[in-house]
Amino acid sequence: MPDTAKQKQLKICLAASAGGHISQLLKLASCWNGYETFCVTTTEVVRNRLNKLGEVYVVGECNRQHPIRVIAVFIRCLRIVFKERPCVVISTGAAAGCMLCFLSKMIGAKVVWIDSITNVERISLSGRMVRYIADLFLVQWPELADRYKKVEFVGTVV
Amino acid sequence: MIFLTVGTQFPFDRLVKAVDKAAGTNGFDEHIVAQVGESSYCPKNFEVSPSVEKAVFDRYFSDAESVISHAGMGTITMALEQRKPLLVMPRLKKYGEVVNDHQLAIAKKFEQLGYLLVAYNTEDVQVKMKQLKSFVPQQRKPCPDIVAARIATFLNELSQS
């Protein structure tokens, strides 16, 4: 059985964009039971779904087509990481989750990535970058685990 | 009732227009409820709301005989969990509707597995809507508990070290 006192010391950042990413992350809720958590997502609409999981930060939507927004989101993520200092990041993507993984890794955090089920033919762009720094990298199609090193398939979340 | 939804983030007028066109053909007698995002297009054959509260959305979803949507995983998951016949039209990169064609990939894969019907373009929508009436989706059995257990083991090892 996990030691509750030790569990408390392990602060976990739960990071996922609004939509399918957050739905997939929330299916895994039993794994962070007993740990201190906080959440980072991309739109206000989903804030209510995260209320029970500690502090909720909304960093805004961004993608490759909007470089200025990417910078704004990056700065918000940077602030969050320095304020919260997570020990672990668990993310299902996408861009903001990827940034939080890299930023948290820089301050010594462990990175858990679950690539979204929508990535059928290859791992997501964010996932392909995070793979190099991830401590646990899970995919939801067995074919992908065969194709990439350091990638595990144990089952599907949705 | 058919529930048409395009997800919470962006409008998807290409789909709304195609469903509107199909709903305007002779002999079409089904009621459509639509959630279409911040769209400027005004359908002639059904009423729309830009976004609806989660509770209202859930009610429309569970009341619907079938669902039509973009190929977003949120909607697909919900339809599979409730075993609703689902028709999706993927958002495509070439129209600037998404940054990559992941919706197309998941639609193809899930169509092969018998989980949903796919309209690959607007011309497909009408004929697929007819098929949707009698479509029975395959049951999907995900295993989030196994995935969660794998992560829990990882976290446990970390907290013990």
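To be clear, the structure that these remarks concern was listed above.
None of these values were measured; they are calculated from a predicted model.

K.L.:
Is there a simple way to think about the overall build of chain A in this case?
P.N.:
Within chain A one finds 7 helices and 7 strands. The order of α-helices and β-strands along chain A, N terminus first, is α-β-α-β-α-β-α-β-α-β-α-β-α-β. Here the C-alpha radius of gyration of chain A, 15 Å, is about what a compact globule of 158 residues would show, namely 15 Å. Looking at chain A as a whole, 49% of its 158 residues qualify as buried. Residue pairs at least 24 apart in sequence account for 49% of intrachain contacts in chain A once pairs closer than 6 positions are excluded.

K.L.:
What exactly am I supposed to notice about the interface of chain B and chain A here?
P.N.:
Many descriptions give the size of an interface as the accessible area lost when the pieces come together. Counting from both sides, the interface comprises 28 residues of chain B and, opposite them, 36 residues of chain A. Secondary-structure elements contributing two or more residues to the side of chain B that touches chain A are α3 (73-82), α4 (102-112) and α6 (144-160) of chain B. With 14 residues, the top contributor of residues to the side of chain B that touches chain A is α6(B). In the side of chain B that touches chain A, the residues fall into 15 nonpolar, 10 polar and 3 charged.

K.L.:
Just to check I follow, could you spell out the nonpolar core for this structure?
P.N.:
Most often, soluble globular proteins keep nonpolar side chains buried together rather than apart. Judged by nonpolar contacts, the single largest core of 94 residues is most densely connected at A:Val40, A:Cys77, A:Val89, A:Ala96, A:Leu100 and B:Val19. Per-element tally for this core: the top contributor is helix α5 (residues 95-106) of chain A, with 7 residues. In this structure A:Cys77 touches A:Val40, A:Val59, A:Ala96, A:Met99, A:Leu100 and A:Leu103, once residues within four positions along its chain are discounted.

K.L.:
Would you take a moment to explain the packing of helix α4 (residues 67-84) of chain A against α5(A) for this structure?
P.N.:
Two quantities define a packed helix pair, namely the angle between the helix axes and the distance between the axes. All names here are of chain A. Between α4 and α5, whose axes approach to 9 Å, the crossing angle comes to 45°. With respect to each other, α4 and α5 are oriented oblique. Handedness of the crossing formed by α4 with α5: right-handed. For the pair α4 and α5, contact is made by Val 70, Val 73, Phe 74, Cys 77, Leu 78 and Val 81 and by Ala 95, Ala 96, Met 99, Leu 100, Leu 103 and Ser 104, respectively. Grouping the amino acids of the contact of α4 with α5 by side-chain chemistry returns 11 nonpolar, 1 polar and no charged.

K.L.:
How should I be thinking about the environment of B:Lys17 in this particular structure?
P.N.:
The topology assignment puts B:Lys17 in helix α1 (residues 13-23). For the pair B:Lys17 and B:Glu123, spaced 106 residues apart in sequence, the C-alpha to C-alpha distance is 11 Å.

K.L.:
Which parts of the structure should I look at to understand the sheet that holds strand β1 (residues 12-16) of chain A?
P.N.:
The pairing of strands in a sheet happens through backbone hydrogen bonds and is either parallel or antiparallel. Residues and elements named next belong to chain A. Pairing is parallel in the open sheet, where 7 strands are placed in the order β3-β2-β1-β4-β5-β6-β7. Bordering the open sheet on either side are β3 (56-58) and β7 (152-153), each of which pairs with just one other strand. In this structure, β1 lies alongside strand β2 (residues 37-41), joined through 4 bridges in parallel fashion. Considered in β2, the bridge of Leu 14 is made with Cys 39.

K.L.:
How do you make sense of the pairing of strand β6 (residues 136-139) of chain A when you look at a structure like this?
P.N.:
Regular strands show a simple pattern: their side chains alternate between the two faces of the sheet. Residues and elements named next belong to chain A. Side chains Leu 136 and Leu 138 project from β6 onto one buried face, and the interleaved Phe 137 and Val 139 project onto a second face that is buried too. By the bridge criterion, 3 bridges tie strand β5 (residues 110-114) to β6 in an arrangement that is parallel. Of the residues in β6, the one forming a bridge with Trp 113 is Phe 137. Looking at chain direction, β6 and β7 are connected through 2 bridges and run parallel. Paired with Leu 138 across the strands is Glu 152, a residue of β7. The parallel pair β6 and β7, bridged by helix α7 (residues 142-147), forms a crossover whose chirality is right-handed.

K.L.:
Where do I start with the environment of A:Ile117 in this structure?
P.N.:
Residue placement: A:Ile117 occurs in the loop between β5 and α6 (125-130). The buried category is assigned to A:Ile117, around which 23 C-beta atoms lie within 10 Å. Separated by 21 residues in sequence, A:Ile117 and A:Leu138 have C-alpha atoms that sit 10 Å apart. Other than its neighbours up to four places away in sequence, A:Ile117 contacts A:Gln24, A:Gln140, A:Thr156, A:Val157, A:Val158 and B:Met73.

K.L.:
I tried to follow unusual backbone geometry on my own but got confused; where do I start?
P.N.:
Most peptide bonds take the trans form, and the phi angle of most residues other than glycine is negative. Residue and element names in this part refer to chain A. Of note, the bond from Gly 93 into Ala 94 is cis; its omega dihedral lies within 30 degrees of zero at 0°. With respect to the element layout, Ala 94 can be found in the loop between β4 (88-93) and α5. In the Ramachandran plot, Arg 85 falls in the positive-phi region, its phi being about 45° despite a non-glycine side chain. Structurally, Arg 85 can be placed in the loop between α4 and β4. The class for Arg 85 is partly exposed, based on 13 C-beta atoms found within 10 Å.

Conventions we followed
Residues numbered from 1 in each chain as written. Chains lettered and ligands numbered in written order. Predicted model: local features only at pLDDT ≥ 70, side-chain atom pairs only at ≥ 80, totals over all residues. Helix = DSSP H or I, 4+ residues; strand = E, 2+ residues; numbered from the N terminus. Rg over C-alpha atoms; globule rule 2.2 N^0.38 Å. Buried ≥ 20, exposed ≤ 12 C-beta atoms within 10 Å, placed from the backbone. Contact = placed C-beta atoms within 7 Å. Nonpolar A, V, L, I, M, F, W, Y, C, P; charged D, E, K, R; others polar. Core = buried A, V, L, I, M, F, W, Y, C linked by C-beta atoms within 7 Å. Axes fitted to C-alpha atoms, helices over the stretch in contact; angles between N-to-C directions. Parallel < 35°, antiparallel > 145°, perpendicular 65-115°, else oblique. Left-handed = near helix turned anticlockwise from the far one by under 90°. Pairing = 2+ DSSP bridges. Right-handed = clockwise from strand over helix to strand, strands pointing away.

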